[in-house]
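# An overview of the molecular structure
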Amino acid sequence: MSFSDLGLSEELLQAISELGYEAPTPIQAESIPYVLMGRDILGSAQTGTGKTASFTLPMIDILANGRAKARMPRSLILAPTRELAAQVAENFEKFATHHKLSMALLIGGVSFGDQEAALDKGVDVLIATPGRLLDHFERGKVLLQDVKILVIDEADRMLDMGFIPDVERIVSTLSKMRQTLFFSATLSDEIKTIGAKFVMNPKVISVAPPAATASTITAKLIWTHFKKKREVLRGLLQSEDINNAVIFCNRKRDISTLLSSLKRHNFKAVALHGDMTQSSRLAALEEFKNGESPLLIASDVAARGLDIPSVSHVFNFDVPSNAEDYVHRIGRTGRAGREGKAFTLAVPNDDDKKLVKAVEELIGAPIALMENAITDSDEQANADNASTKQKDKSVKASNDDVHQSKKANAKRNEHGELRPVAWTGGNSFKDADHIPAFLRSA
Ligand code: AMP
């Protein structure tokens, strides 16, 4: 199968070959001919499968003839996060180099003025997050009745983030005479029910999630003490042959704590989470993409759908609370046939045991245990957790002390945090005290 078999125009085939794409991915091969035919799509595909091009490429050809009127976009792509929307826009720009199509990106954190000016000129493609689009809509700055193609991308993430009512409101203002392309990483019953409201007689297309096919990923599970997670992570960062890595945490506050901890230990790292301003999110992502910072500490929402090429390692600092996020997280590595490694740190308490079980059920196989990893009894882990909580309290007390009397406890750093205790788990992590130069901040 080659791109020229799919019915795309010469201009697009040229742009595709200039980008170096040799053959369509399965989702592209399956969906492009149907989109060109004008059919609705109900597609299950994750990022990393080439899903974005599977709708952007045929859209460019469909929209090639015709002109947009002021404030009346001809097509609309809804994406759950700013980063994902920006990424779709980047894709459009790359593919449409030989076309004269106009595009506007409506995302939070960018001034309304520029976005309004773009809308006023008339746009062929409008890419937006639901909230920002509704803001413009309510101010009367955009009219949606001319939208002929609607894309709803990452519908399951829209659902997780509570955006479905906004999407329903937006769709209720569109003409019924439109083509709808609905994509979700998974097609659960709930997502199918939601999708059915938007599409008509869709072609259902489902491609295997990258994790299910990516035999290039080596995944390992490490049971460790709660209070030793950072130390274990540092050990892995030092002993693994890392090119660049994404470190996932479940909570935003843990991202900040881990970031300062890694920096204190002279690692170069940046953070990415939903509470950061748009400009600092984009700056962090750029630093990571251009290699200035080889480590990115991220939350699921912020990282979902990001196109980060060739990540050598993924670390789950926490077992994800949603098993599907495990697939998304580790799908950041081992892309396009490259080798990748994924490590998951888990604490042997009931919560993590349940979460690990859910992940293993979803992927249909146990995650290989890291050699030499400690396996603790529940009692021990619970004791650790309890003592950590106790220490957290004393850390707070100590913080107060530090601020008030400036007398830091010898075992605490300048932030009043407990210094990591020496590794006593009896494995090889402790031997790796050398930080490779490019991971080092100073
Ligand atoms: P996506 O799943 O849309 O996020 O795409 C994942 C990555 O694959 C992006 O970096 C795309 O530029 C790239 N890509 C998409 N389609 C192809 C293709 N047919 N050949 C090679 N790379 C591709």
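Residues numbered from 1 in each chain as written. Predicted model: local features only at pLDDT ≥ 70, side-chain atom pairs only at ≥ 80, totals over all residues.

## Notes on the overall build of the protein
- In terms of helices and strands, the protein carries 17 helices and 14 strands.
- Each of the 442 residues in the protein was classed as buried or not, and the buried ones make up 43%.
- Contacts spanning at least 24 positions in sequence make up 76% of the contacts within the protein whose residues lie at least 6 apart. (Helix = DSSP H or I, 4+ residues; strand = E, 2+ residues; numbered from the N terminus. Buried ≥ 20, exposed ≤ 12 C-beta atoms within 10 Å, placed from the backbone. Contact = placed C-beta atoms within 7 Å.)

## Description of the site of the ligand
- Within the structure, the ligand sits among 13 residues, and Tyr-21, Thr-47, Gly-50, Lys-51 and Thr-52 are positioned closest to it.
- The biggest single contributor to the shell around the ligand is helix H3 (residues 51–63), with 3 residues.
- Here the residues of the shell around the ligand are counted per class, giving 4 nonpolar, 7 polar and 2 charged. (Near = placed C-beta within 6 Å. Nonpolar A, V, L, I, M, F, W, Y, C, P; charged D, E, K, R; others polar.)

## Side note on the sheet that holds strand E9 (residues 245–248)
- Strand order across the open sheet formed by 7 strands is E10-E11-E9-E12-E13-E8-E14, with parallel pairing between neighbours. The open sheet terminates on both sides in strands that have one partner only, identified here as strand E10 (269–272) and strand E14 (368–369).
- Examined bridge by bridge, E9 and strand E12 (residues 313–316) share 4 bridges and lie parallel to one another. Residue Ile-247 lies in a different strand from E12, and its bridge partner there is Phe-315. (Pairing = 2+ DSSP bridges.)

## Concerning the sheet that holds strand E4 (residues 125–128)
- Judged by pairing direction, the sheet is parallel, and its 7 strands sit side by side in the order E3-E4-E2-E5-E6-E1-E7 without closing on themselves. Both outer strands of the open sheet, strand E3 (103–106) and strand E7 (203–206), are each paired with one neighbouring strand and no more. The mean angle between the axes of side-by-side strands here comes to 10 degrees, regardless of whether they run parallel or antiparallel.
- Note that strand E2 (residues 75–78) and strand E5 (residues 149–152) share 4 bridges and pair parallel. By the bridge assignment, Leu-78 is partnered in E5 with Ile-152.
- Contacting E2, E4, E5 and strand E6 (179–184), H3 runs over the sheet at an angle of about 170 degrees to E5. (Axes fitted to C-alpha atoms, helices over the stretch in contact; angles between N-to-C directions.)

## Quick notes on the environment of Phe-55
- Within the fold, Phe-55 resides in helix H3.
- Between the C-alpha atom of Phe-55 and that of Phe-183, which follows or precedes it by 128 residues, the distance is 9.6 Å.
- With residues near it in sequence (within four places) discarded, Phe-55 still touches Val-35, Val-151 and Leu-181.

## With respect to unusual backbone geometry
- Of note in this structure, Glu-154 is not a glycine but carries a positive phi near 55 degrees.
- By the element assignment, Glu-154 lies in the loop between E5 and helix H7 (155–160).
- Located in the positive-phi region is Asn-266, a residue other than glycine, with phi close to 70 degrees.
- By C-beta crowding, Asn-266 is classed as exposed, having 12 other C-beta atoms within 10 Å.

## Some thoughts on the confidence of the model for the protein
- For the protein, mean pLDDT is 82; residues scoring 70 or higher make up 79% of the total.
- The model gives residues 373–433 a pLDDT under 50, and that stretch makes 67 contacts with residues more than four places away or in other chains. (pLDDT = per-residue confidence, 0-100.)

## Overview of the pairing of E3
- Pairing geometry for E3 and E4, over 4 bridges, is parallel. Pairing of Leu-106 across the sheet is with Ala-128, part of E4.
- Between the parallel pair E3 and E4, the chain is carried across by helix H5 (residues 112–121), and the sense of this crossover is right-handed. (Right-handed = clockwise from strand over helix to strand, strands pointing away.)

## Quick notes on the packing of helix H2 (residues 26–37) against H3
- One way to put it is that H2 packs onto H3 with a least axis distance of 9 Å and a crossing angle of 25 degrees. Taken together, the axis directions place H2 and H3 in an arrangement best described as roughly parallel. In this structure, the crossing between H2 and H3 has a hand that is right-handed. Side by side, H2 and H3 meet where Ile-27, Gln-28, Ser-31, Ile-32, Val-35 and Leu-36 of the first sit next to Lys-51, Ala-53, Ser-54, Phe-55, Leu-57, Pro-58 and Asp-61 of the second.
- Of the residues that constitute the contact of H2 with H3, the class distribution is 8 nonpolar, 3 polar and 2 charged. (Parallel < 35°, antiparallel > 145°, perpendicular 65-115°, else oblique. Left-handed = near helix turned anticlockwise from the far one by under 90°.)

## Let's talk about H3
- Taking 1.5 Å of rise per residue, 13 residues should cover 18 Å, and H3 covers 19 Å from first to last C-alpha, within 8% of that figure.
- Counting buried residues in H3 gives 11 out of 13 residues, a clear majority hidden from the surface.
- If you check which residues of H3 are buried, you get Lys-51, Thr-52, Ala-53, Ser-54, Phe-55, Thr-56, Leu-57, Pro-58, Met-59, Ile-60 and Leu-63. (Expected span 1.5 Å × (residues − 1).)

## Description of the pairing of E5
- The alternating pattern of E5 places Ile-149 and Val-151 and Leu-150 and Ile-152 on opposite faces, both of which are buried.
- Pairing geometry for E5 and E6, over 4 bridges, is parallel. Within the sheet, the bridge partner assigned to Leu-150 lies in E6 and is Thr-180.

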